[in-house]
Amino acid sequence: PGGTIRGAIARIVRERGVDAGHDWFASLDDGLLLDMSQYNLFPNLTVWVFADMMQVVRARPGATPDQAFMDGSSFERVAPRVAPPGRFSVVSLVSV
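Basis of the calculations
Position numbers for residues start from 1 in each chain and track the written sequence from start to end. Per-residue local features are limited, in this predicted model, to residues with pLDDT of at least 70; the limit for side-chain atom pairs, both in listing and counting, is 80 or more; totals at the level of whole chains, interfaces and linings are taken over all residues. Excluded from the side-chain calculations are hydrogens and water; all other atoms, namely the structure's heavy atoms, are used. Every helix listed is a DSSP run of H or I at least four residues long, and every strand listed is a run of E at least two residues long, numbered separately from the N terminus. Any two residues whose heavy atoms approach within 4.5 Å at even a single point are treated as in contact. If DSSP finds at least two bridges between two strands, the strands pair. Interaxial angle, 0 to 180 degrees, is taken between N-to-C directions of lines fitted to C-alpha atoms, where a helix line uses only the stretch in contact.

Okay, the environment of F75 next. Relative to the assigned elements, F75 resides in strand β4 (residues 68-76). Look past the residues within four positions of F75 in its chain and what remains in contact with it is D52, M53, M54 and V56.

What follows is the structure, given as structure tokens:
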């Protein structure tokens, strides 16, 4: 009531982030939670960054000029207390 769809989505993303152990999600404004940052790395790599995940897409040539491949990888942010010990390195991309 009285809000926007964007605000409602931001509220859901914020709650899910905090529930997943990312307490600093509570301090992010709606723009930092929902807006995408896109980085195009020459010649064939695109990186999309969101508050809760990152996606990488790579284009590769196929056997003929009419063929091509697109490789996609998605990475979900994992809270430090959730990561199995010794398996992952925790890197903070946001200063709090």
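Bringing the side chain of H22 into the picture now. Structurally, the position occupied by H22 is in the loop between α1 (5-19) and α2 (30-34). Setting aside its immediate chain neighbours within four residues, H22 contacts G17, R77, V78 and A79.

Turning to the sheet that holds strand β1 (residues 37-41), a few remarks are in order. With antiparallel pairing, the four strands of this open sheet are ordered in space as β1-β2-β3-β4. Looking at which strands have only one partner, the edges of the open sheet turn out to be β1 and β4. Geometrically, the sheet is characterised by an average inter-axis angle of 15° between neighbouring strands, direction not taken into account. Bridge analysis of strand β3 (residues 53-61) against β4 gives nine bridges, and the strand direction is antiparallel. Each bridged residue has a counterpart across the sheet, and for R60 the counterpart in β4 is F69.

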